[in-house]
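Letter by letter, the chains look like this.
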Amino acid sequence: MEQVVVHKQRVISYLDLLVVHRVKLVNGIKNIECILDNLLHLGYFMPEDIELVQHSATRHDKVRKTLNIISAKGEECAEFFLYILNCAKEIYSDLHPWLREIHYSPSDCLMNKPVLITDAVCQYAEKLRVEMQRDTRFTLSYAQKEDTLFEDMYTDSLLELVNSTNEILGSISNLEDLFSDTGIINEDAETVFVTGDAGVGKTILLQRLQNLWSKGELCTGVKFLFKFRCRMFNSFREEDKICLRNLLFKYNCYPDKDPNEIFSYIQQHPDSVLFTLDGFDEINIDCHLSDIPIISSPFDPLHPVALLMSLLHGKLLKGSKKLLTARTGTELPLRMVRKRVTLKGFSKDHLLQYSKKFFKNETQRSLVLAQLETNPHLSNLCSVPLFCWIIFKCYDCSQSNCSPQWLSHSVILTDIYLVMIEVFLNHSSQANPNKKSAQSRVNLFKTKKEILMRIGKLALKGIENRNFAFSQGTVTAANISEEDLQLGFIKTVGHYNGLGNQSTYEYIHITLQSFFTAFLLVLDDEICPSDFLALFKNNNVPKLSNNKLSDSVLAFLSPTKYPSTHILKPFSKHLQFTMLFLCGLLSNSNTDLLLNLTSPATIKKKQSVLASYLSNCMKTHLKKLPRLHLEDGCKVHVLPCFVWLIRYIFEMQNGATAKLAAKGIRADYIKLNYCNVSSVDCGALAFILHHIRTPLALEMDNNNIDDYGLKKMVSCFSHLTVLRLSANQITDQGVHILVEELKKHQKIRILGLYKNYISDVGARDVAELIEACSSLVNLRMGANMITHEGGTCLAKAIQKSKTIEDIGFWGNQIGDRGVVAFAEALENHQSLKNLSLAANQISSEGSKHLAKALCKNSSLKILWLTQNDLDDASAESFGEMLRVNTSLEKLWLIQNKITTHGATYLLQPLRENTTINEICLKDNWIPPNDASHLMKDKRIII
Ligand SMILES: Nc1ncnc2c1ncn2[C@@H]1O[C@H](COP(=O)(O)OP(=O)(O)OP(=O)(O)O)[C@@H](O)[C@H]1O
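Position numbers for residues start from 1 in each chain and track the written sequence from start to end. Totals for whole chains, interfaces and linings use all residues, but because this is a predicted model, local features are given only for residues with pLDDT of at least 70 and pairs of side-chain atoms are given and counted only at 80 or more. The side-chain values count all of the structure's non-hydrogen atoms but skip hydrogen atoms and water molecules.

(A) Quick peek at the overall build of the protein chain. Secondary structure elements are defined from DSSP: runs of H or I of at least 4 residues count as helices, runs of E of at least 2 residues count as strands, and each element is numbered from the N terminus. Counting its secondary structure elements, the protein chain contains 40 helices and 27 strands. Whether two residues touch is decided by their heavy atoms; if any such pair falls within 4.5 Å, the residues are in contact. Across the protein chain, contacts joining residues at least 24 apart in sequence account for 79% of those joining residues at least 6 apart. Per-residue accessibility takes into account occlusion by the displayed protein chains alone, with areas from the Shrake-Rupley method and a 1.4 Å probe. If you sum the accessible surface of the protein chain, you get close to 39200 Å²; carbon and sulfur atoms cover 51% of it.

(B) Summary view of the site of the ligand. Any residue with a non-hydrogen atom lying within 4 Å of a molecule or strand is treated as near it. Neighbouring the ligand are 20 residues; Thr-155, Gly-199, Lys-202, Thr-203 and Arg-327 lie closest to it. A distance of 2.9 Å separates an oxygen atom of the ligand from a polar atom in the backbone of Gly-199. Of all the elements in the fold, those that place two or more residues in the shell around the ligand are helix H10 (202–214) and helix H17 (385–400). Amino acids outside the nonpolar list (Ala, Val, Leu, Ile, Met, Phe, Trp, Tyr, Cys, Pro) and the charged list (Asp, Glu, Lys, Arg) are all regarded as polar, and Gly is one of them. Broken down by class, the residue content of the shell around the ligand amounts to eleven nonpolar, five polar and four charged. Counted as a polar contact is a pair of N or O atoms within 3.5 Å, where, for protein atoms, one must be capable of donating a hydrogen and the other of accepting one, and residues adjacent in sequence contribute only when both atoms are in side chains.

(C) Focus on the environment of Val-337. Positionally, Val-337 belongs in strand E11 (residues 337–345). Sequence separation between Val-337 and Asn-186 is 151 residues; the distance between their C-alpha atoms is 6.3 Å. Apart from residues lying up to four places away in sequence, Val-337 is in contact with Ile-185, Asn-186, Ala-189, Thr-191, Phe-193 and Leu-332.

(D) Representation of the pairing of strand E16 (residues 633–637) in the model. A large share of E16 lies buried, amounting to four of its five residues. Summarising the sheet, strand E15 (residues 627–630) and E16 pair through four bridges and their orientation is antiparallel. Its bridge partner being in E16, Arg-627 is matched across the sheet by Val-636. Should DSSP find at least two bridges between two strands, the strands are regarded as paired. Here E16 pairs with strand E17 (residues 669–671) via three bridges, running parallel. When the sheet's bridge partners are listed, Lys-635 is paired in E17 with Tyr-669. Note on classification: 1.4 Å probe, protein chains only; a residue is buried when its accessible area is under 20% of the maximum for its type, exposed when over 50%, partly exposed between these limits.

(E) Quick look at the sheet that holds strand E13 (residues 490–493). With respect to topology, three strands assemble into an open sheet ordered E12-E14-E13, the strand pairing being antiparallel. In the strand order of this sheet, the two ends are held by strand E12 (470–471) and E13, each with one partner. In terms of strand pairing, E13 meets strand E14 (residues 504–507) through four bridges, oriented antiparallel. By the bridge assignment for E14, Ile-490 is matched with Tyr-507.

(F) The sheet that holds E11, seen in detail. Taken together, the seven strands give an open sheet; going across it, the order is E6-E5-E11-E7-E10-E9-E8, and neighbouring strands pair in mixed fashion. Two strands close off the open sheet at either side, each with one partner strand: strand E6 (168–171) and strand E8 (224–229). Here the average twist between neighbouring strands, direction ignored, is 20°. Strand direction decides the pairing type here: strand E7 (residues 191–196) and E11, joined by six bridges, are parallel. The partner of Phe-193 across the bridge, within E11, is Arg-340. Fitted lines through C-alpha atoms give the axes, limited to the stretch in contact for helices. The angle between two N-to-C directions lies from 0 to 180 degrees.

What follows is the structure in C-alpha cells.
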C-alpha cells in the first residue's frame, strides 16, 4: 500500500511525512535507542543498520542516519517508526503535540504490535508503576484469608483543607487538589501534611493515591512515586548510614539498568518525584546521634531519619512533592508545611456507599443499616472507617455464626474490639457457638487465653519500645506460632530492602496492638496492680535520657512541648489507645468476662488503681491550665488531652470517677475550641458534665459535633448559660433538638451557631427560642444557609423580644426582602445593641428600610453592613438617618459600592451628630485622592 490514511480527510505518505518534518524529528528525538531496539526487534532493521547508526558521532546525526535508512526501507517501516513515537509516550512526550497536529492515528494492522520501552529512566518509571499497581491492587483483610480488591473496598471519605490556625477552607473532592495552589500556607514549603484520627483512613488514602497514579489516572506529571512508611525508619540502628540514592532504590524498587543515570535524572528533575510518607507519628529512633545535620548533598551517607528530615525540609530534591500523614495532634513546624489537610472519615453518604461495597447482598445490607439506625452510638463510630470495617465484619460473620445482639448493646469502643476478637477466634476455629450464650463467649476466651496473652506480650513489647513492626526473630522469640498467626491479628508485610525479602510482621491495625497490650496489662497476674500503670507514667518516650537522636528529632518537631513526663504529653498517641482499652476492659460491663480469666482480687485492685489515677490526672491537668477570672465566673481553656481524659472515664463507665472528675474541673466556663471533639465524644462529655449542677458555659467551636453529638449532650444542657457550637456541621435536625431542650431550661444567655448547615427550617426553630426564652441575649447565626424566609421569622421574633442584645447574621442570604423584617424589628426596639447583616445581598432598596427604621430606634449601637451591594443611594439614606438618630455609634459599610459622592452624604450630618464615632468605608469606590478630604472628620475611616 503506497498511500496511507493518516486522517480521514487527508491522504499522505508516511515517507513524505518524514521528509516534510525532518527538522522537527531530528531536534525532537532525544533518545534513539528505543527506536532502534524496536525497529530491530520487529525485523525492520538489520544489526548492520543499527551499527551504521551507532557510528554517527552526535545524537542529531544518529537520528538523521536512522531517517535515511527508514526511507530506504519503505512506507511500512516509516509507519512503524511513527507508531513507536506514539506508543513510547514517556520517552517522546515532546513530539506528542506534533503527532496530534498531523492527526496521527495508528492503523489497525499495527494495533497489536508490541513496542518495547528500553530507555533506562522510562523503564524504571514503568517498573515503579507496575510494582505500585501490583502492591496497591489488593488490600489484605480479615484473618489473612481473603485478599480484597482495593477497588472493591475503597470509598471516598471526607477530606478538608485547613489553614494554619486549623480553620476549614473547604473540602477536597478530587485528590489532585491536594497538590493544587488552593490553600497554600507556605509557598516555600513542599510538604502536604494530612492528619487524622486513628483508623480514619490515612494509609488507605495514600494507597488510593498510589493506585490511581500507577494507573495513570492521577498526578500524571509525576514520573516517580516513592512510598515510605515512617515506622520503617525505626528499624535502623544508630550507626546505619545510607545515601539518598540507596534509600530510594533499595527501599522502594531497584532499577534494572544503570542506577546512576536514573538517579542523576531524578536529581535534575525533582519536580517529577512524589513521596508518600505514612505515619510520621510512628517514628521512634532508638540510636545515638546527637545532632541531625540537615544536609543538601544527595551523595553523603547519613542516618535515614536525617535523610527524611532533609527531604521534608526541601534541602534534598528541592521541588519534589511530599505527602506526609500523621495522627491528629502531631505537630509539624509551619515552615515545613505547604498545605494542611484533615481527614475526617465517612459522612452518612460515604457510609452508605461503603455499605454497598461491603454487603453485596441487599437484604443483609438493609438489615445492618436498620440495626445501626437503632444504635446511634454504633452508627456514629462508623464514621471512622476502621471501626466501620470492624462493625460490618462482625455483622457479616454474625449472619452465619451468632446473633448481632452483642453489637447493639455496645456503648464503648472496647466492646467492639472484644467482639472483633471473638469473631476472629470463632472464624479461625470455624466454631458455631450457641447464638445467645454468654457462657460460650467466656469459654472461648478461656480456651484461647494463652494464645491471646502471647499476642499481648508481643504487643506490649512493641508499645514499650514504640515498635510497630516485628522481625521474624522477635515473633519467634515471643513464642508466636504459625497457628497463632493464622488467627489473623498479626499480618505479614513485604519489606523490600534490596537484599531479598525477609518477613516482617505487624498487627492488622496499630489500635489492635494497643488493645492486646491493654489485654495483657489487665490479665497478666505477674503485673501487679501497683505497677500496671507504669507504662503510662514513665515510659511515654522510652529511654529519653540516652536516646539522643530521638531527643533531637522530637525536640525539633515540637520544641515547645518537649520534654514532659506526664501521661498527657504529646507523642504518647499509641499509649492513648492502650489506656482507652485498659479503661474499657476494666469497666463494669466486662468484669464478668475478666473474672473468668484472672483472679477477682487483681481485677478489683486494678480497677481502683485506674479510677484514682484518672481522677488525679483530671485534677492535675486542670490545675496546670491558666484560668481567667471573669465577672460571671472562672474560665478555663482545656487542651485536646482533656478530651482523651473524658474518653477514658467514659470508657470505664464508672459514675463515681465521672463525678470526681466533674468536681475536679472547678470552672464555670469551659472552652473546648479546636479540641477535635467528635460526636462520639459528646456522650463522654455529657457523662461527666451532667454532674455539674451549677450554671455552666461551654464553648466548643470548631470541632466535629454534628446533630448526633448534640443529641448525646442533652443531659448536660439543663445548666448551660453559654453554648458556642460554631463550625460543627450542625443541621436543622440538630437545631430542633437543641431548641426544644434550651426552651425547657430557660437558662441560655449566649448561643453560637455560626458556620453550620442551618436553613430556614432551623431558623424557624431558633426564632421560637428567641420568643420563648427571655434569658437569651446574644445569638450568632452567621454563615449558614438562611434566606429571606428564615430571616423574616427570626426578625419577627427579635421584634417581640425584650431582652435580645446582640445578633450576628453575617453571611446568610436574606437580601432586601429579609431586611424589611429586620427593619421592622429595629423600629422602637428597646434592647438590641449590635446587629450584623454583613454579606447578606442587601442593596440600596433594603438599606432604605433600615435607615428609616433607625430614625425611630434608640437602642442600636453597632450596625455591620460590610460586603453588601450598598451604593450612593444607600449612603444618602444613612446620611438622612444620621441627622435624626442619636444612639448609633458605629456604622460599618466596608466593601460596598459607595463613591465619593455617596460618602459626602455621610460626612455632612457629622457636624450635628455627636454619638456616631466610626463610619468605616474601607474598600468602597472612593479614589485615594478623595479620601483625605473625607477623612477630615476622623470618624470617617477609609
Ligand atoms: N476510604 C476507605 N474506604 C474503605 N475502607 C477504609 C477507608 N479508609 C480506611 N478504611 C478501613 O479502615 C482501616 C484502617 O485504615 P488506615 O490504616 O488507613 O487508618 P489510619 O488513619 O492510617 O490509622 P492509624 O493512624 O492508626 O495508622 C483500613 O484497613 C480499612 O479497612
